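Working through the structure, step by step
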Amino acid sequence: MSILTQPIARVAPGVPSTASAEPHARLINLCKRLGPMLAVDHVSLDIPRGGITTLLGPSGCGKSTTLRLLAGLYRPDAGDITLDGESIAHLPPNRRRMTMVFQEYALFPHLTAAGNVGYGLRRRSVPAAQVKSRVGEMLELVGLSAAADKYPHQLSGGQQQRVALARALAVDPEVLLLDEPLSNLDAKLRVRLREEIVRLQKVLGKTMVFVTHDQEEALSISDQVAVMD
């Protein structure tokens, strides 16, 4: 497996990148075998702080596996992962200061939009008043204040994905991981949602790692693209 990293000028006239030269996270010679298949083979990558890094490549090249290694959902067979210069490869997902948005949204069907957004905060025993305030702030940020009391089945695909984004951001992660989050949406909605992701990144200044097989999508949102073969 090879990986080629290239800085990209984001397609947003007049908007400077917030990424700095110092890596926020670093993948160092990562290897991961899934059954008989070597899914990730000595991948190394520096992820700049405060920008969007995209892993781009065809299906089966190891993009999602690499992201799951970063999230802690998989443990590497070899190599290391650092955050702010400290190794986190041994830490479970809940101690990595990262959250992940999945392709399938993964919303709880029995919870409202507000309930989904506040779930992680309640799990952290945040006081109810603070949860309510933070949920309102996040729903307003993604333009869904009016949908707070709706359940996932009452929301469109785009609205569900924005709820998933709000839920991931509510716990204030250092790094937001997005695993092909737009692939289940139609073409027009994909364009709108990727513009929304860029807007959120600029507003919040978060480090984001985005996975896609779509070259146009990668070039339209990224500060840096890592091409995986």
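What you are looking at is a predicted structure, and each value in this text was computed from that prediction instead of being measured. (Residues numbered from 1 in each chain as written. Predicted model: local features only at pLDDT ≥ 70, side-chain atom pairs only at ≥ 80, totals over all residues. Heavy atoms only, no water.)

**Some words on the overall build of the chain**
Secondary structure assignment for the chain yields six helices and ten strands. Over its C-alpha atoms the chain spans a radius of gyration of 17 Å, differing by no more than 12% from the 17 Å that the globule rule assigns to 229 residues. Seen along its three principal axes, the alpha-carbon backbone of the chain occupies a region of about 45 × 40 × 35 Å. In the chain, which comprises 229 residues, the proportion classed as buried is 50%. With the model as given, the accessible surface of the chain reaches about 10,800 Å², and the carbon-plus-sulfur share is 52%. For the chain, the separation between the mean place of its 26 positive charges and that of its 23 negative charges on side chains is 6 Å. (Helix = DSSP H or I, 4+ residues; strand = E, 2+ residues; numbered from the N terminus. Rg over C-alpha atoms; globule rule 2.2 N^0.38 Å. Buried < 20%, exposed > 50% of the residue type's maximum accessible area, 1.4 Å probe, protein only. Areas by Shrake-Rupley, 256 points an atom, 1.4 Å probe, with all protein chains shown as cover. Lys, Arg positive; Asp, Glu negative; His and termini not counted. Charge placed at Lys NZ, Arg CZ, Asp CG, Glu CD.)

**Regarding the packing of helix α4 (residues 157–170) against helix α5 (residues 187–204)**
In the contact formed by α4 and α5, the axes pass within 11 Å of each other and the chain directions differ by 20 degrees. If you check the angle between α4 and α5, you find them roughly parallel. Our pair here, α4 against α5, has a crossing hand that is right-handed. The segment α4 lies against α5, with Gly-158, Arg-162, Leu-165 and Leu-169 engaging Leu-189, Leu-193, Glu-196, Ile-197, Leu-200 and Leu-204. (Axes fitted to C-alpha atoms, helices over the stretch in contact; angles between N-to-C directions. Parallel < 35°, antiparallel > 145°, perpendicular 65-115°, else oblique. Left-handed = near helix turned anticlockwise from the far one by under 90°. Contact = heavy atoms within 4.5 Å.)

**Some thoughts on the nonpolar core**
Counting residues in hydrophobic clusters, the biggest one holds 37 residues, and the most contacted among them are Val-117, Leu-176, Leu-178 and Ile-197. Looking at this core, the elements with two or more residues in it are α2 (113–123), α3 (128–141), α4, β8 (175–179), α5 and β9 (207–212). The greatest single-element share of this core, amounting to seven residues, is contributed by α4. The residues contacting Leu-176, other than those within four sequence positions of it, are Thr-99, Val-101, Leu-165, Ala-168, Leu-169, Thr-207, Met-208 and Val-209. Counting residues in each nonpolar core, the second largest holds 25 residues, with Leu-55, Ile-88, Leu-177 and Val-211 among its members. (Core = buried A, V, L, I, M, F, W, Y, C linked by side-chain atoms within 4.5 Å.)

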